[in-house]
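# Descriptive structure summary
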Amino acid sequence: MKLPGTEKQRQWVSWGAIAIGLVAAYIVFTQYVNLEKVLEDVAHALGAWTYALVGVFAFAETGAFVGLLVPGETVMLLGGAVAGQGATDLYLTIALAWFAAVGGDSTSFFIGRRLGREFLLRHGPRFGLGHDRLHQVEDFFSRHGGKTIFLGRFVGFVRAFAPFIAGSSGMRYRAFIPYSVLGCGLWVSSAVVVGYLFSRSIDTAINYAGKGALLLGTLIVVVVGVIWLTRFLRVEENRRKTVAWMERHGATRWLVAFGRRYQRQLRFIGDRATPGHDFGLEFTSLLAVLAVSLFVLVAYIVVLGRDLGPTPGDETAIEVVESLHSGFLLAISKVITFLGSGAFTWGLTVVVAALLAWRRRWAEVCVLLAGMAISTIGFHEIKVAVDRPRPPGLHEVSATGSSFPSGHAAHSVLYVFLAVTIVLRLRPGMARAALVVIAGVVLTALVGLSRVYLNVHYLSDVSAGWALGAAAFSISALVALIVTQMRKTAPG
């Protein structure tokens, strides 16, 4: 005879035994195992090979679906721990893993596009993805695909399959890539930094773990509250009662007034802040550019704060330049480098701004002037703060001031901005639009590389200059985009 509740009591006893075992194992492990010594041994064993290991797993996480078998966070944590022991560089680890993760996402996306819906229709039912379910998935990706790619980065099973399904369900790549860049960057950075902190100090790791648990608990409460509130306010009667309650209290009355005053603008932005609308796509793309460019700029500033000398990449670039040295290339470089000078780029800026103003394209005028101003002020201030000496040897053109970052490279981002503005704003739908953008990118690249060839800048100076220019124009465009959308829906 089976007594009532016996089975349930057995389950509780089993779970209790498992919990006690885990606690006991944790106590034994922390008391008798020197974690910092283990990490130090791993760091010495792997060394520079950590870069390759982290890059391969970051790519394979989605590009080869390895994430189904081996959680990528494990390798990212290991990469951060090795960097914490001083065997590798933290910022280079993040950069390589970020680039590889985006590459893995893109590979999985195009595999999904190549195999197509027929592949999912044929094999999907084995994994519970039937015809009706596939239609729901495709509809979901058309409305929320970007959010799924971004948030799915933090859920192992979703991370492994989301890019593939996005590609096979017909999602556009230009709507996919900004969310992939942002999601990969946040995922890689958080995992690597946690590993870095863990290796530096066990006490610090425990402290951050406690704060992280508190933050996670708070986030869960907030998310659950938002979900409950959203469902509650879907009922018209509940909305009416809530508004009436808020109007009776001074602390919340202003929210009602603000919502009514800007109801059309807020609804407009809310409806369009998705990858299925131009505003959401453009906003997310600019945010992705800003995130990458700021990371590059800040990483170089931190690295040079430890050593102002050439980086390994700079040394390789110097060797390449020496092998390509010729009078013809020297003459061409002197012409190209002039296209990035302040006199030429600011002269071109004034002319283009006048033409845009004549066509009443005031938003583009503001972004153009603000982007150039931020770039100019930014590289002057950073030069003074970092004060990096110019490369040694003969400078083929005159150059004054410190080396980092390259002002020519920062100014040259103007050409990318002009190309994108022509394609997206002035001549949308124009033939050979891709060639126009490629021409802008190539010209920007040539201006920066000419500075390296002329031995007035290191490659890292030029890279930081490009990043500064990209950040300046993207943040200016973000502000202009939001203001423009708000003005479009202003009443009256």
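Up top is the structure.
Because the structure is predicted, anything quoted here is derived from the model rather than measured. (Residues numbered from 1 in each chain as written. Predicted model: local features only at pLDDT ≥ 70, side-chain atom pairs only at ≥ 80, totals over all residues. Heavy atoms only, no water.)

Moving on: the packing of helix α15 (residues 327-338) against helix α19 (residues 433-453). Viewed as axis vectors pointing N to C, α15 and α19 meet at an angle of 130 degrees, and their least axial separation amounts to 9 Å. Of the possible angle classes, the one that applies to α15 and α19 is oblique. The crossing of α15 and α19 is left-handed. Of α19, the residues touching α15 (which contributes Leu-329, Leu-330, Ser-333, Ile-336 and Thr-337) are Leu-446, Val-447, Ser-450, Arg-451 and Tyr-453. For the contact of α15 with α19, a count of residues per class yields six nonpolar, three polar and one charged. (Axes fitted to C-alpha atoms, helices over the stretch in contact; angles between N-to-C directions. Helix = DSSP H or I, 4+ residues; strand = E, 2+ residues; numbered from the N terminus. Parallel < 35°, antiparallel > 145°, perpendicular 65-115°, else oblique. Left-handed = near helix turned anticlockwise from the far one by under 90°. Contact = heavy atoms within 4.5 Å. Nonpolar A, V, L, I, M, F, W, Y, C, P; charged D, E, K, R; others polar.)

Scanning the entire structure with this criterion turns up eight aromatic pairs. Centroid distance Trp-98 to Phe-295: 5.5 Å. Interplanar angle 70 degrees. Geometry classified as edge-to-face. You can see Trp-98 sitting in helix α5 (residues 90-123) and its partner Phe-295 sitting in helix α13 (residues 278-306), a full 197 residues away along the chain. Three or more aromatic residues joined by ring pairs make a cluster, and in this case those are Phe-109, Phe-110, Tyr-173 and Phe-176. (Phe/Tyr/Trp six-rings, centres within 6.5 Å; stacked < 30°, edge-to-face > 60°.)

Structurally, the position occupied by Ser-406 is in the loop between α17 (362-386) and α18 (407-426). Take Ser-406: its relative accessible area is 0%, and that puts it in the buried class. If we ignore the near neighbours within four places in the chain, the residues touching Ser-406 are Arg-451, His-457, Asp-461, Val-462 and Gly-465. (Buried < 20%, exposed > 50% of the residue type's maximum accessible area, 1.4 Å probe, protein only.)

The subject of this paragraph is the nonpolar core. Met-76 and Val-188 are the most contacted members of the largest nonpolar core, which totals 22 residues. Those elements that provide at least two residues to this core are α3 (49-63), α4 (72-84), α5, α8 (173-200) and α13. Considering each element in turn, this core owes the most residues, eight residues, to α8. In this structure, Met-76 is in contact with Val-54, Ala-58, Ala-97, Trp-187, Val-188, Ala-191 and Val-192, ignoring residues within four places of it in sequence. One finds Leu-286, Val-352, Val-365 and Leu-368 within the second-largest nonpolar core, a separate group that totals 19 residues. (Core = buried A, V, L, I, M, F, W, Y, C linked by side-chain atoms within 4.5 Å.)

What sets the pattern is the α-helix's 3.6 residues per turn: residues three or four places apart point alike. The first and last C-alpha atoms of helix α14 (residues 312-323) sit 17 Å apart over twelve residues, in line with the 16 Å expected at 1.5 Å per residue. All of the buried residues along α14 are Asp-314, Ala-317 and Val-321. The arc that holds every buried residue of α14, seen down its axis, measures 60 degrees, which confines them to one face. Those residues of α14 that are exposed and angled more than 90 degrees off the buried face are Pro-312, Glu-319, Glu-322 and Ser-323. (Expected span 1.5 Å × (residues − 1). Arc of directions from axis to C-beta.)

Let us now look at the side chain of Arg-388. Looking at where Arg-388 falls in the secondary structure, it is placed in the loop between α17 and α18. For Arg-388, a relative accessible area of 0% gives the class buried.

This part takes up the environment of Val-320. Within the fold, Val-320 resides in helix α14. For Val-320, a relative accessible area of 41% corresponds to the partly exposed category.

Moving on, we get to the pattern of salt bridges. A side chain with one charge can pair with a side chain of the opposite charge if their charged atoms come near. Considering all chains together, one arrives at four salt bridges under this definition. Among the salt bridges present, the one from Glu-364 reaches Arg-361, with a minimum N-O distance of 3.4 Å. What makes Arg-361 partly exposed here is its relative accessible area of 24%. As a salt-bridge pair, Arg-388 and Asp-461 come within 2.6 Å of each other at their nearest N and O atoms. Taken together, the residues span a long stretch of sequence, with Arg-388 in the loop between α17 and α18 and Asp-461 in helix α20 (residues 459-488) at a distance of 73 residues. For the pair formed by Arg-388 and Asp-461, the shared burial category is buried. Connected through shared salt-bridge partners, Asp-314, Arg-388 and Asp-461 make up one network. (Salt bridge = Lys/Arg side-chain N within 4 Å of Asp/Glu carboxyl O.)

With that settled, consider the packing of α17 against α18. A pair of packed helices can be characterised by two numbers: the angle between their axes and the separation between those axes. The geometry of α17 relative to α18 is characterised by a closest axis approach of 10 Å and an angle of 165 degrees between their N-to-C directions. Considering the angle they form, α17 stands roughly antiparallel to α18. Both α17 and α18 take part in a crossing whose hand is right-handed. The residues of α18 that touch α17, namely those facing Glu-364, Val-367, Leu-368, Met-372, Ser-375, Thr-376, Phe-379 and Lys-383, are Gly-407, Ala-410, His-411, Leu-414, Phe-417, Thr-421 and Arg-425.

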